[in-house]
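Here are the chains, one letter per residue:
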Amino acid sequence: MTNVFCPMIELGAIIPGVVLAYLPIKKHLKVSKLRLFSVMILSLVCLCTLCGFVCYRYNLKSFVLAIPIVLALSAAYCCSLKTSMWKSVSVLLAVCGVFACIASITRAVDSITFPQNTTPWFEIKSAVLFNILCWMFVILAWYPATHGVSELLNDENIAQTWYVFWILPIIFILLNFFIIPWNPNILHTGRIMQGYIVISVSLLVLLLIFYALLYFIAKSLNRNNKLAQKNQFLNMQRAQYDALKVAIEETRQARHDMRHHFAVLNALAEQKNWEELEKYLSSASQNIPDTELVLCKNQAVNAIIGHYYSKYKSNGIPFKLKIDIPEKLTVSESDICLVIANLLENAFEASMKLDRDKRQIKMYARPHSEKILLISVENAFNGEITEKDGFFGSSKRNGNGIGTQSVRRIAEKDGGYCRFSHENGIFTADVMLHGKN
């Protein structure tokens with residue numbers, strides 16, 4: 001009678017797999033954690049019990065029903081998250097790859113411990129061992145999943161990594177399916193059992209090593225991207241500094257020439273030569289240097305906006321802005337700079353696709369409170385935008401735009417908000433950045 005519980009317990013290993021899949025990505029849930037996990041765990045227990053009974057009733061291999069269960073759960077998993085499909089699928093496959101290796105190891109243990117087992121599922125002790133091993137792996141992977149992997153998932157600078165990551169776990173899943181003996185008695189022939197054990201353990205070790213290598217490679221790429229961003233900001237600050245030096249020099253020269261201008265104007269006024277006076281005023285006003293600098297109290301933001309102000313001016317793009325960003329805020333200064341840089345760069349790229357007379361960019365930024373900063377950027381565009389599920393396609397490559405995704409991630413990570421809208425040829429980005437408590 002205990003055989004009826006064996007496939008149920010074996011299929012129950014799906015539960016720790018689902019828990020592990022949600023750990024690195026739990027900040028991107030569309031519903032509350034309590035509601036999701038209470039409904040999910042109860043549903044999975046009922047589902048595993050029902051499918052386990054079906055396996056027992058019709059003498060089916062447990063993985064025959066495990067496959068459709070995992071596919072259905074994968075669809076529900078992707079629908080419950082706000083992140084991209086590539087990331088969701090990659091996390092799922094990574095978990096499935098590890099659990100497939102653990103299942104192979106358990107299969108070897110089951111064959112050694114219960115050589116007379118002819119059922120298409122594990123003996124009850126092996127099924128319990130399978131679940132214990134899965135939960136042990138969840139516990140061991142808890143911290144890396146909730147910190148290291150979660151950090152990589154949240155970083156849009158390495159989004160391209162997820163376009164190829166899925167290949168690795170799929171290869172290991174297929175290898176584990178390939179080595180499954182359709183007749184368990186084969187394992188007890190010659191030295192096949194020793195080879196099966198070595199292969200099963202080796203696959204798990206290799207998979208974990210590959211995961212670790214990919215993690216460190218991704219971390220290295222992320223670090224390089226951040227250094228590149230810092231260098232970009234430093235270059236912008238240098239350009240702003242050079243512009244300030246030029247402005248100071250022009251202002252000094254203008255003040256030096258002002259005495260001469262006043263002397264000429266005074267002489268023309270005494271002569272009551274109004275026509276010459278008017279001509280001279282017109283000529284002098286044209287020679288006044290254009291040293292308009294739109295600045296705020298925050299020097300880092302000054303550099304970013306000053307860089308794009310010069311860039312827009314040299315490309316004939318009207319740029320109107322009203323900013324009031326204090327020197328110190330609870331909002332991360334690097335986050336502010338990244339958001340502004342992404343928004344202004346996107347606005348520049350959209351403007352360059354328009355005729356000169358249609359280009360326009362407006363920016364508005366001010367603190368709403370001590371911990372909240374509001375940023376809004378408007379720009380004209382050519383009317384061609386690809387949008388799906390709130391994500392905007394990139395104009396430079398296939399897939400979602402990195403800039404808008406980066407802005408969304410930065411805004412939402414500390415409880416902020418962002419909204420992108422487009423109407424009548426105007427694209428608007430509204431961002432609320434929330435400081436840390």
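Quick caveat: nothing in here was measured; it's all calculated off a predicted structure.

Would you mind showing me how to read the overall build of the protein chain here?
Summing up its helical and strand segments, the protein chain has 13 helices and seven strands in all. Counting every position in the protein chain, which comprises 437 residues, the buried fraction comes to 42%. As presented, the protein chain carries roughly 24600 Å² of accessible surface, and 62% of it is formed by carbon and sulfur atoms.

Could you clarify how one ought to interpret the UniProt feature "transmembrane region" (unreviewed entry) in the protein chain in this entry?
Within the UniProt annotation, "transmembrane region" (unreviewed entry) is assigned to residues 7-25, 37-56, 63-83, 89-109, 121-143, 163-183 and 195-218. The span residues 89-109 carries 100% helix and 0% strand; its end-to-end C-alpha distance comes to 30 Å. Overall, residues 163-183 shows 71% helix and 0% strand. The separation of its end C-alpha atoms is 37 Å.

Looking at this structure, I do not really get a nonpolar patch on the surface. What am I missing?
Together, V201, V205, L206, I209, F210, L213, L214, I217 and L221 make up an exposed nonpolar region whose accessible area comes to about 720 Å². Relative to the elements of secondary structure, L206 occurs in helix α9 (residues 192-270).

Where do I start with the pairing of strand β6 (residues 417-423) in this structure?
Note on strand geometry: in a regular strand, side chains alternate between the two faces of the sheet. Of the pairings in the sheet, the one linking β6 to strand β7 (residues 426-434) comprises seven bridges and is antiparallel in character. Bridge pairing links C418 to V431 in β7. The loop that links β6 with its antiparallel partner β7 comprises two residues; one of these, N424, has a positive phi angle of about 55 degrees.

So what exactly am I meant to see when it comes to the packing of aromatic side chains here?
By convention here, two paired aromatic rings are described through the distance between centres and the angle between planes. In the structure shown here, the tally under the stated rule is 14 aromatic pairs. A ring pair is formed by Y215 and F216, whose centres lie 5.4 Å apart and whose planes are at 70 degrees; its orientation type is edge-to-face. The exposure class of Y215 is partly exposed, given its relative accessible area of 25%. Residue classification places F216 among the exposed residues on the basis of a relative accessible area of 54%. Feature note: the residues Y308, Y309, Y312, F319 and F348 constitute an aromatic cluster, connected by ring pairs.

I would appreciate a short explanation of the packing of helix α3 (residues 33-58) against helix α4 (residues 62-79) in the present structure.
How two helices sit against one another is set out by the angle between their axes and by the gap between those axes. Where α3 meets α4, the closest approach of the two axes is 9 Å, and the angle between their N-to-C directions is 150 degrees. Taken together, the axes of α3 and α4 lie roughly antiparallel to each other. Of the two possible hands of crossing, α3 and α4 adopt the one that is right-handed. Within the contact between the two elements, α3 uses L44, L47, C51, V54 and C55 and α4 uses S62, L65, I69 and L73. Grouping the constituent residues of the contact of α3 with α4 by class yields eight nonpolar, one polar and no charged.

Help me understand the nonpolar core, please; the structure alone is not making it clear to me.
Generally speaking, soluble globular proteins have nonpolar side chains that are buried together. In this structure, L20, Y22, Y77, V98, F99 and I102 are the most contacted members of the largest nonpolar core, which totals 58 residues. Those elements giving two or more residues to this core turn out to be α2 (14-22), α3, α4, α5 (85-113), α6 (124-154), α7 (162-165), α8 (167-178) and α9. Ranked by residues supplied to this core, first place goes to α5 with eleven residues. Counting 41 residues, the second-largest nonpolar core is a separate cluster that includes V301, A341, L344 and V431.

Help me out: how do you make sense of the packing of α2 against α4 in this one?
Closest axis-to-axis distance for the α2/α4 pair is 12 Å, and the angle between their directions is 25 degrees. Taken together, the axes of α2 and α4 are roughly parallel relative to one another. Considering the relative orientation of α2 and α4, their crossing is right-handed. The residues of α4 that touch α2, namely those facing I14, V18, A21 and Y22, are I69, L73 and Y77. Of the residues that constitute the contact of α2 with α4, the class distribution is seven nonpolar, no polar and no charged.

What is the right way to look at the environment of R366 in this model?
Of note, R366 is situated in strand β2 (residues 361-369). Residue classification places R366 among the partly exposed residues on the basis of a relative accessible area of 32%. On a C-alpha basis, the gap between R366 and D324 in space is 4.8 Å, while along the polypeptide they are 42 residues apart. Dropping the residues within four chain positions of it, R366 is found in contact with D324, L373 and L374. Among the polar contacts listed, one links the side chain of R366 to the side chain of Y364, at a separation of 2.4 Å.

Can you help me understand the sheet that holds β2 in this one?
Two orientations exist for strands paired in a sheet by backbone hydrogen bonds: parallel and antiparallel. Pairing within the open sheet is mixed, and its five strands lie in the order β1-β2-β3-β7-β6. Sheet topology places β1 (319-323) and β6 at the edges, where each strand pairs with a single neighbour. Adjacent strand axes in the sheet meet at a mean angle of 10 degrees, parallel and antiparallel pairs treated alike. Pairing geometry for β2 and strand β3 (residues 372-380), over eight bridges, is antiparallel. Directly across from R366, in β3, lies its bridge partner L374. Contacts between helix α11 (residues 299-314) and the sheet are confined to β1 and β2, with β1 contributing the most and set at about 160 degrees to the helix.

About the criteria used
- Residues numbered from 1 in each chain as written.
- Predicted model: local features only at pLDDT ≥ 70, side-chain atom pairs only at ≥ 80, totals over all residues.
- Heavy atoms only, no water.
- Helix = DSSP H or I, 4+ residues; strand = E, 2+ residues; numbered from the N terminus.
- Buried < 20%, exposed > 50% of the residue type's maximum accessible area, 1.4 Å probe, protein only.
- Areas by Shrake-Rupley, 256 points an atom, 1.4 Å probe, with all protein chains shown as cover.
- UniProt positions renumbered as here; feature names shortened; annotations may be inferred.
- Patch = residues over 30% accessible without salt bridge, like charges linked within 9 Å, V, L, I, M, F, W, Y side chains within 5 Å.
- Salt bridge = Lys/Arg side-chain N within 4 Å of Asp/Glu carboxyl O.
- Pairing = 2+ DSSP bridges.
- Phe/Tyr/Trp six-rings, centres within 6.5 Å; stacked < 30°, edge-to-face > 60°.
- Axes fitted to C-alpha atoms, helices over the stretch in contact; angles between N-to-C directions.
- Parallel < 35°, antiparallel > 145°, perpendicular 65-115°, else oblique.
- Left-handed = near helix turned anticlockwise from the far one by under 90°.
- Contact = heavy atoms within 4.5 Å.
- Nonpolar A, V, L, I, M, F, W, Y, C, P; charged D, E, K, R; others polar.
- Core = buried A, V, L, I, M, F, W, Y, C linked by side-chain atoms within 4.5 Å.
- Polar contact = N/O pair within 3.5 Å; in protein donor to acceptor, adjacent residues only side chain to side chain.

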